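Spelled out, the chains give:
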Amino acid sequence: MANSLFDPIELGRYTLKNRILMAPMTRGRSAAAGAPQDIVAQYYGQRAEAGLIITEAVAVSRLGHGWPGAPGLYTDHQQAEWAKVANSILSAGGRAFMQLWHMGGAVIPDYIDGAQSVAPSGVALSGEIPDRKGNPTAFVTPRALTRAEIVNIIRDFSNSAERAVAAGIDGVEIHAANSFLIDQFLRDSTNHRTDEYGGTVANRARFLLEIVDDMAARIGADRVGVRISPTNAVFGISDSDPKALFSHVAVALSERELAYLHVLEPSNESDSFMATTNPTLADHLRQAYAGTFILNGGLALKAGTAALVEGRADAVAMGAPFIANPDLVTRLAEGIPLAAPDQSTFYTPGPEGYSDYPNAQTAAA
């Protein structure tokens, strides 16, 4: 058992230099065609001190692409631009996994030429999401996917995983969290299907596990991680028995010997918009999952180290601190005060509040 977040760790086929991972954060700096701009390569290269960079969510298809400025990886042009990002990270001594998503019923017609979004069932999410111009827009009721379409989406995930590896990215993280398509299949508030993809816990987990199995066959299970958020209620999503559901998921994923399981679960005291009053499940899932377990949810150095020492995690993913502190690992190791990010530039275009944050040494010069 490690006692320090600065200790190396074996993750899949890789040895990471520390246990401080950069959590995936959508930042909206990609071009209209879904290809990352040059500043994206610069941004990630600056943060290569992280034991592992988990990129922002990357769409696996045009119909699953529904956030302003978010990237995709389903065309040759997108892949060529991601190769620049991979090279920037590698050249700086870092490693990266690419988070892959399909937004499902969270996609609004503005992004897909007026078409209706798709989901496991015709259940509208609650709340709003930005349109292409950043204006808050209410969700629409999606249509239920056919079985043939489900098979195609599974293939889309694997195709994007192969493209990521071909571009030089070390592996991929399947985004099964935060009320997007896979999470919509998992939870019974959004999955009302009566076929083999709905009803029982095992059936609702089938879509995720089929994606995992197909992807592992293509690029290797040790290059695949999964992220879940078992207790969040983003966009009104919920489940009648999250402990039973996510325990089943954790055990099933453990049997597949993946690179890791990544659990996002802010504490009930957190001010995160994803915090809920639901009982936390991370410690229970830690016992159910035999592989590398990554914990994320507002953990700083002290709390992250405690999670490590107490055996509640093997590594910790940090999000917002990496935004304004490209040299976050150095700052934490040397006790250098952290810079605060400018929330007004989280999703704006251009380098301001993105790739223009200096490291501590530069700031002091």
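Above this text is the structure in question.
What counts and how
The residue count restarts for each chain, going from 1 along the sequence in the order it is written. Only residues with pLDDT of at least 70 get local features here, since the model is predicted, and only at 80 or more are side-chain atom pairs given and counted; chain-wide, interface and lining totals rely on the full set of residues. Where side-chain values are given, they derive from all heavy atoms of the structure, hydrogens and water being excluded. Each axis is a line fitted through C-alpha atoms, taken for helices only over the stretch in contact, and angles between the N-to-C directions span 0 to 180 degrees. In DSSP terms, a helix is any run of H or I states spanning at least four residues, a strand is any run of E spanning at least two, and both are numbered starting from the N terminus. Angle categories are assigned with fixed cut-offs, so that under 35 degrees is roughly parallel, over 145 is roughly antiparallel, 65 to 115 is roughly perpendicular, and the rest are oblique. By convention the crossing between two helices is left-handed if the near helix lies anticlockwise of the far one by an angle smaller than a right angle, and right-handed if it lies clockwise. Contacts are assigned to residue pairs with any non-hydrogen atoms lying within 4.5 Å of each other. Lys, Arg, Asp and Glu make up the charged group, whereas Ala, Val, Leu, Ile, Met, Phe, Trp, Tyr, Cys and Pro make up the nonpolar group; the residues left over, Gly among them, are polar. Partly exposed describes any residue whose relative accessible area lies between the buried limit of under 20% and the exposed limit of over 50%, with all areas from a 1.4 Å probe on protein chains only and scaled to the type maximum. Polar contact criterion, stated in full: a pair of N or O atoms within 3.5 Å, where within protein one must be able to donate a hydrogen and the other to accept it, and residues adjacent in sequence count only if both atoms are side-chain atoms. Following DSSP output, two strands are said to pair if at least two bridges run between them. Counted as salt bridges are all cases of a side-chain nitrogen of Lys or Arg within 4 Å of a carboxyl oxygen of Asp or Glu.

A. Here's a closer look at the packing of helix α1 (residues 38-46) against helix α2 (residues 76-91). Running from N to C, α1 and α2 cross one another at 25°; their axes reach a closest spacing of 8 Å. Our classification of the angle between α1 and α2 gives roughly parallel. Crossing angle aside, the handedness with which α1 passes α2 is right-handed. Mapping the contact onto sequence places Asp 38, Val 40, Ala 41, Gln 42, Tyr 44 and Gly 45 in α1 and Glu 81, Lys 84, Val 85, Ser 88 and Ile 89 in α2. The residue makeup of the contact of α1 with α2, split by class, is five nonpolar, three polar and three charged.

B. Examining the side chain of Arg 331 more closely. In this fold, Arg 331 is placed in helix α10 (residues 328-334). Under the relative-accessibility criterion, Arg 331 is labelled buried at 5%. Within the structure, Arg 331 has its side chain in polar contact with the side chain of Asn 325 (distance 3.1 Å). Beyond its immediate chain neighbours, meaning those up to four positions away, Arg 331 contacts Asn 325, Ile 336, Pro 337, Leu 338, Ala 339, Pro 358, Asn 359 and Ala 360.

C. How the structure looks around the sheet that holds strand β5 (residues 96-101). Spatial ordering of the closed barrel is given by β3-β4-β5-β10-β11-β12-β13-β14, a layout of eight strands whose pairing is parallel. Taking the axes of each pair of neighbouring strands and ignoring which way they run, one obtains an average angle of 25° across the sheet.

D. Examining unusual backbone geometry more closely. Positive phi, close to 55°, is recorded for Asp 113, a residue that is not glycine. Structurally, Asp 113 is set in the loop between β5 and β6 (118-119). Since its relative accessible area comes to 67%, Asp 113 is described here as exposed.

E. View of the pattern of salt bridges. A complete count under the given rule lists 17 salt bridges for this structure. One salt bridge in this structure joins Asp 195 and Arg 147, with 3.7 Å as the shortest N-O distance. Of the two residues, Asp 195 sits in the loop between α4 (181-186) and α5 (201-219) while Arg 147 sits in helix α3 (residues 147-166), which places them 48 residues apart along the sequence. We classify Asp 195 as buried; its relative accessible area is 15%. Residue Arg 147 is classed as partly exposed on the basis of its relative accessible area of 49%. Put simply, Asp 195 and Arg 193 hold a salt bridge, and the shortest N to O gap is 2.8 Å.

Scope: geometric values only; no functional claims are made or implied.
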